[in-house]
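Geometric and topological summary
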Amino acid sequence: MASAKPDFTGPELCRLTACEVVDLLHRGDVRPTDLVQASLDRVAQTTPAINAMVTTCPDRAHDAAQEADAISLLGGLPIGIKDLTPVAGVRTTFGTPGLADHIPTASDPMVTRLETRGAVVIGKTNTPEMGAGANTFNAVFGATRNPWDTTMNAGGSSGGAAAGLASGEVWLSQGSDLGGSLRTPASFCGVVGLRPSPGLVASPGGDGFNAFPVEGPMARTVEDCALLLDAMTGLDPVSPISFPPVEGGYLAACRHDAGQIRIGFAPDLGGLAPVEPEMAQILSAALTRLEASDITVDEDAPQVPGINRTFRVFRALGMWTSYRATPERITSRYKPTLKANIEQGRHLTVDQIAEANLTRARLYETMRRYLERYDVLACPVTGIGPLPVEIEYPTEVAGQPCEDYLDWLRFAFLATLCGLPALSLPIGRDARGLPVGLQLIGRPRGEARLLQVARRLEQATGFKAGPIDPNVTHTG
């Protein structure tokens, strides 16, 4: 069982929020090198229990900290980078045996952007192989465990990022999301994860016009998430779909009075996917508690048929595109589930792709009109909470069988298909003491308003945002 009130015995600096630490850096009350050492100490303290930060780069981090500009946006704050994102001179494996010893010579442009704005890369966070899967494990580093109960999984594919944040290894961490890879681990580990609109965080990848996979910020609070989003964004021609952030930045927008908030609540998105009774009760109770003089909640599900079929077509197409661009010495060692996804992409027909494009356009129009009435759509992140770490994915949810390891992630598909920003916000804990997140889907390119709403709801939930010591539990 998870502890009712988890303790924190890490360095005191690690207990602070990112915004608090950056204020200290800007005032000169703490040095970046102090933060690097605190982060490394906490990683060493928690790694045996959770295995979240699988590669550290202490020399590189100390060198960067000594040269950090105190008046930059992040001022020398250490951050985590997911092991799908290249960092120059740092082992970057993508969680796959064929790249187990890969050390890139150049960083992803997003990493360079972060470092220019004062981020110090402390290391790489764990991911499932090539980011495929919502349970973070791979043949290179093994499994990442949930800090709230180490017999449970941390979600995926940004599971290392979420677990490291929850346990105080870093103050901010970068993740990525296609089918909930930011949102699921954020929910499971009790942190905030934002999937931004495609193009807001410019990163070229191998398929630059693909609007489905995105990079995004993860943090322990909504304000901290907005701060990292500010550091990640910027119009950059390395991405053909790049667009500029809002004037004044997302942290400033987040802190504005949200005014009147109207939430549309869809408990199962009109029957899109099953939800465990306890999960349904927790989410419904949370929405009831959130109602206030400035917050109205209406149960109102948008009509969005065809989500599952359409998402699977685009995901399979992306898998096949990536496979064709990846050397055989790497792809030949992929896990069976990843190979199966690739084969699905190989056999897509033109008619399937055309129908998916038309359905996607209809879904977007439905959501555009829906979000004219509401500030956000609230719905589950997943219909089930964390499972034992050894289980790759649930075979059923609420008594309904799962087709495969994607089936239980259907609530993530809508925002991805429509290119809408979506945030996982901690709103409570289940009977086991494990965190539960609420998914908030915002208007097209509406990150500023989404963050405003999320911050107001965060204030109303009372969820403990501070880091915890891993709750090391044992089965049997």
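For the structure itself, consult the block above.
What counts, and at which threshold
- Residues numbered from 1 in each chain as written.
- Predicted model: local features only at pLDDT ≥ 70, side-chain atom pairs only at ≥ 80, totals over all residues.
- Heavy atoms only, no water.
- Axes fitted to C-alpha atoms, helices over the stretch in contact; angles between N-to-C directions.
- Helix = DSSP H or I, 4+ residues; strand = E, 2+ residues; numbered from the N terminus.
- Parallel < 35°, antiparallel > 145°, perpendicular 65-115°, else oblique.
- Left-handed = near helix turned anticlockwise from the far one by under 90°.
- Contact = heavy atoms within 4.5 Å.
- Nonpolar A, V, L, I, M, F, W, Y, C, P; charged D, E, K, R; others polar.
- Pairing = 2+ DSSP bridges.
- Right-handed = clockwise from strand over helix to strand, strands pointing away.
- Buried < 20%, exposed > 50% of the residue type's maximum accessible area, 1.4 Å probe, protein only.
- Polar contact = N/O pair within 3.5 Å; in protein donor to acceptor, adjacent residues only side chain to side chain.

Another point: the packing of helix α11 (residues 307-324) against helix α14 (residues 350-373). One way to put it is that α11 packs onto α14 with a least axis distance of 9 Å and a crossing angle of 125°. In terms of orientation, α11 and α14 fall into the oblique class. For the pair α11 and α14, the sense of crossing is left-handed. Taken together, the residues of α14 that come into contact with α11 (itself represented by I307, R309, T310, V313, F314 and L317) are Q352, I353, A356, N357, T359, R360 and L363. Of the residues assigned to the contact of α11 with α14, the class counts are 7 nonpolar, 4 polar and 2 charged.

Let us look at the pairing of strand β12 (residues 295-299). Examined bridge by bridge, strand β11 (residues 261-265) and β12 share 5 bridges and lie parallel to one another. From the neighbouring strand, G264 faces β12, where its bridge partner is D298. Regarding the hand of the β-α-β motif, the stretch spanning β11, helix α10 (residues 277-290) and β12 is right-handed.

Next up on the list: the side chain of R195. Mapped onto the elements of the fold, R195 is located in strand β9 (residues 192-195). Taking the relative accessible area as the measure of exposure, R195 reaches 0% and is therefore buried. Of the polar contacts made by the side chain of R195, one reaches the backbone oxygen of D177; its length is 2.7 Å.

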